Amino acid sequence: MTSSHTDCHFCLQSLRGRKYALREENAYCVPCYDSLYANPCEQCKQPIECNSKDLAYKGRHWHEGCFRCARCGHSLVEKPFAAKDEVLLCTECYSDEYSSKCFHCQKTIMPGSRKMEFKGSSWHESCFVCQYCRQPLGTKPLITKDNENYCVSCFEKQFAHHCYACKKVITSGGVTYHDQPWHKECFVCAGCKTELSGQRFISKDEYPYCVDCFSKFYAKKCAACKKPITALGGAKYISFEERQWHGECFNCGKCSVSLVGQEFLTRQDDILCHECGSA
């Protein structure tokens, strides 16, 4: 550059016939300008002279030829790029290094593209579809089976059991009774309708009963204490002439000694040990 400026503002040497640079309306010969104002390049650490293009990003400077992806080395001049920990990367390298991988296709989910998040994994929107009908799931209700996602309609068609009681689909959990599926809330006592899932129960004529209802409706009564004999949990009981006793109640009516495994006599409604019955 030549102009009416005659001397370098710093070294005072004549600028006639020489290139120079202006800064705040002052003229400098090229060597003075570079020594005073040239920015150091982030990559090569050499000054970016006034006759070179100075590329700046967030207060840092590069020669045009040094402005490259730190991973693949391709030029970033007039190309989109990203910065990570002050390192510049082209969008492809940034995606490979830091972007999420699609759970389905294992390909990178490029920055700026829409992704779906489900159970801690990321998906391309186009990959997040029903395994059966291939329609996008988006934010619709879905059911997962064997790591595959299904819309509710397809899951019900393919896999769902129907409750033996209400005939509606069982989408999760459930109870199996007599080889039939039941909702937990439908698996209730045939007597009092209390939920039986996780509770002790007794079957009668293919229907489940809670212990209390079974005892109330069906259990035989102990001839001694008059309480129901359910035999639940393996409790022993004794039966004689259409009468039953709890094992602990089968005692001599006079001396109260246990008659379990012993000879006994009867007198009217009483049972007696041999000694009391012979007296």
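All figures in this text were calculated on a predicted structure; none of them were measured in a lab.

1. Re the pattern of salt bridges
Item 1. The full count for this structure, using the stated rule, is three salt bridges.
Item 2. We note a salt bridge from Arg60 to Glu42, for which the minimum N-O separation is 3.9 Å. In this pair, Arg60 sits in strand β4 (residues 60-63) while Glu42 sits in the loop between α1 (30-37) and β3 (54-57), placing the two residues 18 residues apart along the sequence.
Item 3. In this structure Glu42 comes out as partly exposed when scored by relative accessible area, which is 30%.
Item 4. Notably, a salt bridge pairs Arg114 with Glu125, separated by 3.0 Å at the nearest N-O pair. One end of the pair, Arg114, is in the loop between α2 (91-98) and β7 (115-118); the other, Glu125, is in the loop between β8 (121-124) and β9 (142-145), and 11 residues separate them in sequence.
Item 5. The class of Glu125 is partly exposed, set by a relative accessible area of 36%.

2. Observations concerning the domain arrangement of the protein chain
Item 1. Here the domain parsing of the protein chain yields domain 1 (97-159), domain 2 (162-218) and domain 3 (222-278).
Item 2. Each of domain 1 and domain 2 has a C-alpha centre, and the two are 36 Å apart.

3. Quick word on the environment of Pro136
Item 1. One can find Pro136 in the loop between β8 and β9.
Item 2. The spacing of Pro136 and Cys151 is 15 residues in sequence and 9.0 Å in space, taken between C-alpha atoms.
Item 3. In contact with Pro136, not counting residues within four places along its chain, are Phe128 and Val129.

4. With respect to the side chain of His246
Item 1. Looking at the secondary structure, you find His246 in strand β20 (residues 243-246).
Item 2. Judged by relative accessible area, which is 12%, His246 ranks as buried.
Item 3. Ignoring anything within four residues of it in the chain, the contact list for His246 reads Cys222, Cys225, Lys227, Pro228, Ile229, Lys236, Tyr237 and Ile238.

5. Digging into the state of the cysteines
Item 1. Counted according to the given criterion, the structure contains zero disulfides.
Item 2. Just so you know, Cys50 is unpaired, no disulfide at all, and the nearest cysteine sulfur is the one on Cys29, 9.3 Å from it.
Item 3. Taking the relative accessible area as the measure of exposure, Cys50 reaches 32% and is therefore partly exposed.
Item 4. Counting only cysteine sulfurs, Cys186 is the nearest neighbor of Cys163, a cysteine outside any disulfide, at a range of 3.8 Å.
Item 5. The exposure class assigned to Cys163 is buried, which follows from its relative accessible area of 1%.

6. Points about α1
Item 1. Those residues of α1 that sit buried are Cys32, Tyr33 and Asp34.
Item 2. Structurally, α1 contributes buried residues whose contacts are with β1 (20-23) and β2 (26-29).

7. As for the confidence of the model for the protein chain
Item 1. When pLDDT is averaged along the protein chain, the result is 84, and 95% of the positions lie at 70 or above.
Item 2. Mean pLDDT across the elements of the protein chain bottoms out in strand β18 (residues 228-229) (77) and peaks in β4 (92).

8. Some words on the pairing of strand β16 (residues 207-210)
Item 1. Two strands pair when backbone bridges link them, and strand β15 (residues 201-204) and β16 are joined in this way by four bridges, in the antiparallel orientation. Residue Ile202 lies in a different strand from β16, and its bridge partner there is Tyr209.

9. Quick notes on the packing of aromatic side chains
Item 1. All chains considered together, the criterion is met by 21 aromatic pairs.
Item 2. When the ring of Tyr33 is compared with that of Tyr37, the centres are 5.4 Å apart and the planes differ by 50°; the resulting orientation is tilted. With Tyr33 and Tyr37 both in helix α1 and four residues apart, the pair spans about one turn of that helix.
Item 3. Here Tyr33 falls in the buried class, since its relative accessible area comes to 17%.
Item 4. Residue Tyr37 is classed as partly exposed on the basis of its relative accessible area, which comes to 28%.
Item 5. A ring pair is formed by Phe67 and Phe81, whose centres lie 5.4 Å apart and whose planes are at 90°; its orientation type is edge-to-face. Residue Phe67 is found in the loop between β4 and β5 (81-84), and its partner Phe81 is found in strand β5; the two are separated by 14 residues along the sequence.
Item 6. Classification of Phe67 as buried rests on a relative accessible area of 6%.
Item 7. Accessibility expressed as a relative area gives 27% for Phe81, which makes it partly exposed.
Item 8. One aromatic cluster is present, built from ring pairs that chain together Tyr164, Tyr177, Trp182, Phe187 and Phe201.
Item 9. A cation over a ring is seen here: Lys167 above Tyr164, with NZ or CZ 4.9 Å from the ring centre.

Cut-offs applied
Residues numbered from 1 in each chain as written. Predicted model: local features only at pLDDT ≥ 70, side-chain atom pairs only at ≥ 80, totals over all residues. Heavy atoms only, no water. Salt bridge = Lys/Arg side-chain N within 4 Å of Asp/Glu carboxyl O. Helix = DSSP H or I, 4+ residues; strand = E, 2+ residues; numbered from the N terminus. Buried < 20%, exposed > 50% of the residue type's maximum accessible area, 1.4 Å probe, protein only. Domains from an automatic or database assignment. Contact = heavy atoms within 4.5 Å. Disulfide = S-S within 2.5 Å. pLDDT = per-residue confidence, 0-100. Pairing = 2+ DSSP bridges. Phe/Tyr/Trp six-rings, centres within 6.5 Å; stacked < 30°, edge-to-face > 60°. Lys NZ or Arg CZ within 6 Å of the ring centre and 35° of its normal.

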